[in-house]
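Below are the chains, spelled out letter by letter.
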Amino acid sequence: MALPKLAVYKFASCDGCQLSILDVEDLLLDIASVVHIANFPEASREVVEGPYDLTLVEGSITTPHDAERIHEIRRQSKYLVTIGACATAGGIQALKNWKDTDLFMRTVYAHPEYLETLETSTPIKNHVEVNFELRGCPVDKMALVEVVAAFVQGRRPNIPEYSVCVECKRRGTPCVMVGHGTPCLGPVTQAGCGALCPSYNRGCYGCFGPMESPNTEMLAAAWQRLGVNHRGLVDAFRGFNAYAEPFRITSDHHEALAVAKGE
Amino acid sequence: MSEMYVSGQSGVGRLIQALAERGHRVIGPIVRNEALVYDEIKGVEDLPKGWTDLQEPGRYRLEQRGDEKLFGFVVGPTSWKQYLNPPETVLWSGVISPEGFVTDPAPEPPKYAFFGVRPCEVAALGVLDKVYSTSNGLPSMAGYTAIREQAFIVAVNCVEPGGNCFCVSMDTGPTAEAGYDIAITEIVHNGNMRYLIEAGTPAGAEVLGDMGNLEEPSEAEIEARDFFLTEAAANMGKTLEVDDLPELLKGNARNPRWESIADRCLACANCTMVCPTCFCNTVDDNLSLDGTHATRTRKWDSCFTLGFSYMHGLPMREGVGARYRQWITHKLATWVDQFDEMGCVGCGRCITWCPVGIDITHEAGAIRRADLRDTPIGIGGFA
């Protein structure tokens, strides 16, 4: 029986999530033994034409061309899984959604008239139906293996949607907010990284986006008690997952307050 | 009361040595990441001499005491459950081979000595023992008893309660009455660090007998110990009114207070993770990519996650208010129906380690002040 065909596509992104696939090292041969890596330019120049059984999409939609291209990829894909903060939330480049794109074009490029770009950076799900989203900036490589294994075994990927706090406690890391007053996005951020930053006494940066039921306003209030002002809150929530709705609403709210208070 | 002995700090060190020589991995409090956590200790020098912990709702700070106390603090974010019911345990793993299905050999259960178990934590071990003795037939609960039976318990009585302690309300402290092999009370007497040591079991007496060089305490030292422990009982940071509490909580399922808690609660699950008696877990099955190697892993779970109450397509407790109500009602009310006692021992961890400082004693008090049992809204049901 022919193996299911795997394709990997890139949109506006840094390539880090795709590289996580190559970074699984020993397991790469196992992956290649259960799926046919048919279209993965980062790994091989050999490209087998679609349709594909499992398509991994990295990156966000930032150009009219990409907004068209994703529809063709969707048509070619039985299962489409988005990987990383760019594909699932618009990525760090979604910061442009709050700014004037024309100004960027005129400032950065000598001949902006040659460019075609959209006003926004948006996640793939805003354009086509997505079967599963794998969060993270970058994604966790073992979670990628889990997604492929789940697909091959015909089950739903086992990816938690609870907070980073659960991972901190499981690994025995004392809470950085409670223990030394370090502002941390962990309570509103989805697990998946293994609670890396708090284990180095740093607060969470929210790389995996909002958890399943994020109470961002209450966490923001707790940050304010630790001395963070509205501007600081805007900066914190406008990171890699700035355009994810719960983070976006909270940063907009505190931006309005920051402006009102002249911060 | 069994015979009491006394020593200086060298005696504490000899006790750690004696337990190590008997093949125990000794676990005790150490300073790590700006908190007191439980981890392996090799000698008395690993204990957090001169440290204390200041605790308020949602706030914890380590500070130097300016004295030589080895146990001048209360409890930190870790608890003994991490050794008895580890955060992640492989229940079994195995491979499909041409010879059939072969399970991997299970590791030997570790032989621990828990050193510095506070009276509320001794009580928590008793709570867990009850939970696991009634549930150990369940495959997902396996493994606890094998570790528990070999564990040697060195309790340390509390002469200085913390800001969020309420063991007196729960009748679990500040003096350990039973459930330990050896109990220690640390006092400063005439300017000297003195450790009053007693055995609670024949195993404890045997270890003390082997140690030798233990003195008899003076009358004054015993009086000082009793004085400090009586003082401690009068200086609890918090109080929880337990009279009628199970009926109160069960009868207030529709109290609007739950929604006020939902506004504040982050549903981050920290309270349940730090609780020394919260035992809920989930079981993950993992199959290797080639389908030949299977692993079943038990992991700590929490009633604050949506996945916890997910069944036939929906989470049963979608609202955060319903999740908090489930937690506190189980801990303080329906636990009694299940196990004939409350699941709370008054250690205060859930209060301290809540990032927004939600206080179980305060919330139970708020429900009591706004008791709706005699109004139509208070009758049963689930919001």
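**With respect to the packing of helix α10 (residues 216-225) of chain A against helix α12 (residues 245-260) of chain A**
All names here are of chain A.
Moving on, step 1. With their axes 10 Å apart at the nearest point, α10 and α12 run at an angle of 45 degrees to one another. With respect to their mutual orientation, α10 and α12 come out oblique. The crossing of α10 and α12 is right-handed. Along its contact with α10, which presents T216, E217, A220 and Q224, the element α12 presents P246, F247, T250, H253 and H254.
Moving on, step 2. Split by residue class, the contact of α10 with α12 holds three nonpolar, five polar and one charged.

**Overview of the pairing of strand β5 (residues 59-64) of chain B**
Residue and element names in this part refer to chain B.
Moving on, step 1. Direction of pairing for strand β4 (residues 51-56) relative to β5: antiparallel, over a ladder of six bridges. Across the sheet, Q55 pairs through a bridge with Y60, a residue of β5.
Moving on, step 2. The antiparallel hairpin formed by β4 and β5 contains two residues in its connecting segment, where G58 sits at a positive phi of about 75 degrees.

**A look at the side chain of T189 of chain A**
Residues and elements named next belong to chain A.
Moving on, step 1. Residue position: T189 is located in the loop between α8 (176-180) and α9 (196-199).
Moving on, step 2. Residue T189 is classed as buried on the basis of its relative accessible area of 1%.
Moving on, step 3. Within the local environment of T189, its side chain forms a polar contact with the backbone oxygen of L185, the two atoms lying 2.7 Å apart.
Moving on, step 4. Sequence-distant contacts of T189, defined by excluding residues within four places in its chain, comprise Y162, S163, V164, C204, G206, C207, F208, G209, M211 and F247.

**Description of the nonpolar core**
Residues and elements named next belong to chain B.
Moving on, step 1. Counting 96 residues, the largest nonpolar core has F115, W327 and L332 as its most contacted members.
Moving on, step 2. With six residues, helix α11 (residues 320-339) is the single largest residue contributor to this core.
Moving on, step 3. Here W327 is in contact with C271, T272, C278, C303, F304, C350 and I360, once residues within four sequence places are set aside.
Moving on, step 4. Core analysis: the second largest hydrophobic core is formed by 36 residues, Y112, C120, V127 and M141 among them.

**Some details on the sheet that holds strand β2 (residues 36-39) of chain A**
Residues and elements named next belong to chain A.
Moving on, step 1. With respect to topology, five strands assemble into an open sheet ordered β2-β1-β3-β4-β5, the strand pairing being parallel. Each end of this open sheet is capped by a strand with a single partner; those strands are β2 and β5 (132-134). Sheet twist, expressed as the mean angle between neighbouring strand axes with direction ignored, is 30 degrees.
Moving on, step 2. Across three bridges, the pairing between strand β4 (residues 77-83) and β5 is parallel. Within β5, the residue paired with I83 across the bridge is L134.
Moving on, step 3. Against the sheet, helix α3 (residues 64-76) makes contact with β1 (5-10), β3 (52-58) and β4, and its axis sits at roughly 130 degrees relative to β4, the strand it touches most.

**Description of the environment of Y162 of chain A**
Moving on, step 1. Among the secondary structure elements, Y162 of chain A is positioned in the loop between α6 (141-153) and α7 (164-171).
Moving on, step 2. Residue Y162 of chain A is classed as buried on the basis of its relative accessible area, which comes to 12%.
Moving on, step 3. Taking the C-alpha atoms as reference, Y162 of chain A lies 21 Å from G90 of chain A; in sequence the two are 72 residues apart.
Moving on, step 4. Other than its neighbours up to four places away in sequence, Y162 of chain A contacts R170, T189, Q190, A191, M211 and E212 of chain A together with T305 of chain B.
Moving on, step 5. Within the structure, the side chain of Y162 of chain A is placed 2.8 Å from the side chain of R170 of chain A, a separation counted as a polar contact.

**What to know about the domain arrangement of chain A**
For interface size, the figure often reported is the accessible area lost on association.
All names here are of chain A.
Moving on, step 1. When the domains of chain A are assigned, the result is domain 1 (5-153) and domain 2 (164-260).
Moving on, step 2. Computed from C-alpha coordinates alone, the two centres of domain 1 and domain 2 are separated by 26 Å.
Moving on, step 3. At the interface, 15 residues of domain 1 touch 17 residues of domain 2.
Moving on, step 4. In this assembly, domain 1 packs against domain 2 so that about 1300 Å² is buried in total across both faces, 62% of it on carbon and sulfur atoms.
Moving on, step 5. If you look at where domain 1 meets domain 2, you find zero salt bridges.
Moving on, step 6. One can count five residue pairs in polar contact (both at pLDDT 80 or more) joining domain 1 with domain 2.
Moving on, step 7. Among the residues making up the side of domain 1 that touches domain 2, the classes are represented as eight nonpolar, five polar and two charged.

About the cut-offs
Residues numbered from 1 in each chain as written. Chains lettered and ligands numbered in written order. Predicted model: local features only at pLDDT ≥ 70, side-chain atom pairs only at ≥ 80, totals over all residues. Heavy atoms only, no water. Axes fitted to C-alpha atoms, helices over the stretch in contact; angles between N-to-C directions. Helix = DSSP H or I, 4+ residues; strand = E, 2+ residues; numbered from the N terminus. Parallel < 35°, antiparallel > 145°, perpendicular 65-115°, else oblique. Left-handed = near helix turned anticlockwise from the far one by under 90°. Contact = heavy atoms within 4.5 Å. Nonpolar A, V, L, I, M, F, W, Y, C, P; charged D, E, K, R; others polar. Pairing = 2+ DSSP bridges. Buried < 20%, exposed > 50% of the residue type's maximum accessible area, 1.4 Å probe, protein only. Polar contact = N/O pair within 3.5 Å; in protein donor to acceptor, adjacent residues only side chain to side chain. Core = buried A, V, L, I, M, F, W, Y, C linked by side-chain atoms within 4.5 Å. Domains from an automatic or database assignment. Buried area = accessible area lost by both parts, 1.4 Å probe. Salt bridge = Lys/Arg side-chain N within 4 Å of Asp/Glu carboxyl O.

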